[in-house]
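# Observations on the model geometry
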Amino acid sequence: MRIDRHHHHKKAGDNLAFVFFMNLAFNIIVLVGAFATNSMAILADFIHDMSDTISIALAWVLEHVAQRDSTDNYSYGYQRFSILGAVIISVFVIVMAFVILSEAIPRLFSPEGVDAEGMLIVAIVGIIFKSLSVYRLHDGETFNEKAILFHQLGDIFEWIAILILSVILIFWDGAPYLDPFVSIGIAIWLIFNLGRNLYKSLEVLLQKTPDNFDVDEFKSQILAIECVNHIDDFHIWSLDGIDSVMTLKVNVDFGENVEEIKKEIYNISNRYHVVDITIEFD
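I will try to describe carefully the structure that is included in this document.

Rules used throughout
Residues numbered from 1 in each chain as written. Predicted model: local features only at pLDDT ≥ 70, side-chain atom pairs only at ≥ 80, totals over all residues. Heavy atoms only, no water. Phe/Tyr/Trp six-rings, centres within 6.5 Å; stacked < 30°, edge-to-face > 60°. Helix = DSSP H or I, 4+ residues; strand = E, 2+ residues; numbered from the N terminus. Buried < 20%, exposed > 50% of the residue type's maximum accessible area, 1.4 Å probe, protein only. Pairing = 2+ DSSP bridges. Axes fitted to C-alpha atoms, helices over the stretch in contact; angles between N-to-C directions. Contact = heavy atoms within 4.5 Å. Parallel < 35°, antiparallel > 145°, perpendicular 65-115°, else oblique. Left-handed = near helix turned anticlockwise from the far one by under 90°. Nonpolar A, V, L, I, M, F, W, Y, C, P; charged D, E, K, R; others polar. Salt bridge = Lys/Arg side-chain N within 4 Å of Asp/Glu carboxyl O. Patch = residues over 30% accessible without salt bridge, like charges linked within 9 Å, V, L, I, M, F, W, Y side chains within 5 Å. Areas by Shrake-Rupley, 256 points an atom, 1.4 Å probe, with all protein chains shown as cover. Lys, Arg positive; Asp, Glu negative; His and termini not counted. Charge placed at Lys NZ, Arg CZ, Asp CG, Glu CD. Expected span 1.5 Å × (residues − 1). Arc of directions from axis to C-beta.

With that out of the way, let us pick up the packing of aromatic side chains. For the structure shown, the criterion picks out 6 aromatic pairs. Ring centres 5.7 Å apart and planes at 40 degrees place the aromatic pair Phe218 and Phe234 in the tilted group. Separated by 16 residues along the polypeptide, Phe218 in helix H7 (residues 215-223) and Phe234 in strand S1 (residues 228-238) bring together distant segments of the chain. Neither residue differs from the other here; Phe218 and Phe234 are each classed as buried. Grouped by ring-pair contacts, the aromatic residues Phe26, Phe129 and Trp159 constitute a single cluster.

This is the structure in structure tokens:
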């Protein structure tokens, strides 16, 4: 039995469209701010903020693709394109974080002067823009939304750090090394969180049992159905980190109404976001 559930991908597409246009507008502000202030932290943000925009555009397109119905070539539909987008985004952002590290570390040993007042203004604008994006994504369900959410949260932390840094530099001219130091901290934060999201996305692609699926509990509920004796050849995997596919073979008493048993199994499975169920009786 197949249950169509594309609503979370449609919602994800709308959320990512909003965030994309917010980031695109903000890229221009950051680019001007980076050159105007000579801040490595702001320039580093522009580099990975541009990667944000590209990543979000890709995620937006792939979430749109994920809404398509199944075809002969893609019999389970296109939902896994959402996971593909999450993998590409995570890898891309991790690479860009290492680029930031390569630019920021040398500046620790040869710091340059920055325009602290200009940094303060850009940081305030950055916090406003990024907070709007995080609010839009905070209840997202797809891995794509989660990947972008982590990145936007990283941006907020970065802009808060830059704001604090700019205030320090306004009153203390002797601490220019703090600018690249902040960039390094944020890059490490991105590598850790996007690395974790990449790991989770790859688990889905490798058909690991979904994290929110308790196999023992599910089997016990099926075995509690009257006339069900045991379960054989049980398989469960996720399409996109949300919806799952399941196949199982159920041994029942001979002559029982298997349609009623099947209906009960469907009802139990629906609570676990199982949208495609294949049941064989013996």
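Picking up where we left off.
Turning our attention to the sheet that holds S1. The mixed open sheet is built from 3 strands, whose spatial order is S1-S2-S3. Two strands close off the open sheet at either side, each with one partner strand: S1 and strand S3 (274-281). Averaged over all pairs of adjacent strands, the angle between strand axes in this sheet comes to 15 degrees, irrespective of strand direction. One ladder, built from 8 bridges, connects S1 with strand S2 (residues 244-252); its direction is antiparallel. Across the sheet, the residue bridging to Trp237 is Val245, located in S2. With respect to the sheet, helix H8 (residues 258-270) is in contact with S1, S2 and S3, its orientation differing from that of S3 by roughly 150 degrees.

This brings us to the packing of H7 against H8. The geometry of H7 relative to H8 is characterised by a closest axis approach of 10 Å and an angle of 155 degrees between their N-to-C directions. For the element pair H7 / H8, the angle class is roughly antiparallel. The chirality of how H7 crosses H8 is right-handed. Every residue of H8 that contacts H7 at Phe218, Gln221 and Ile222 is listed here: Ile265, Ile268 and Ser269. For the contact of H7 with H8, the per-class residue count stands at 4 nonpolar, 2 polar and no charged.

Scanning the entire structure with this criterion turns up 1 salt bridge. Glu259 is the partner of Lys262 in a salt bridge, and the nearest nitrogen-oxygen pair spans 3.9 Å. Of this pair, Lys262 and Glu259 both sit in helix H8, 3 residues apart, roughly one helical turn.

This brings us to a nonpolar patch on the surface. Residues Phe157, Ile160, Ile164, Ile168, Trp172 and Tyr177 make up a contiguous nonpolar surface patch of about 560 Å² in total accessible area. Its place among the elements puts Ile164 in helix H5 (residues 143-171).

This paragraph deals with a negative patch on the surface. Taken together, the side chains of Glu226, Asp253, Glu260 and Glu264 make up a negatively charged region of the molecular surface. As for its placement among the helices and strands, Glu260 is situated in helix H8. On the basis of relative accessible area, Glu260 is assigned to the partly exposed category, the value being 45%.

The next point concerns the packing of helix H3 (residues 80-109) against helix H6 (residues 178-205). Put simply, H3 and H6 touch, their axes get as near as 8 Å, and they point 160 degrees apart. With respect to H6, the element H3 is oriented roughly antiparallel. As H3 packs across H6, the resulting crossing turns out to be left-handed. In the contact of H3 with H6, the residues fall into 25 nonpolar, 5 polar and 3 charged.

Relative to the 18 Å expected for 13 residues at 1.5 Å per residue, H8 spans 18 Å between its end C-alpha atoms, a close match to the ideal helical length. Buried within H8 we find Ile261, Lys262, Ile265, Tyr266, Ile268 and Ser269. Viewed along the axis of H8, the buried residues span an arc of 165 degrees, placing them on a single side of the element. In this fold, the buried residues of H8 make contact with H7, S1, S2 and S3.

As a further point, take unusual backbone geometry. A positive phi angle, close to 65 degrees, is found at Gln207, a residue other than glycine. On the secondary structure map, Gln207 appears in the loop between H6 and H7. On the accessibility criterion, Gln207 (45% relative accessible area) is partly exposed. Positive phi, close to 80 degrees, is recorded for Cys227, a residue that is not glycine. Mapped onto the elements of the fold, Cys227 is located in the loop between H7 and S1. With relative accessibility at 17%, the residue Cys227 sits in the buried group.

Remember that the coordinates give geometry; whether it matters functionally is a separate question.
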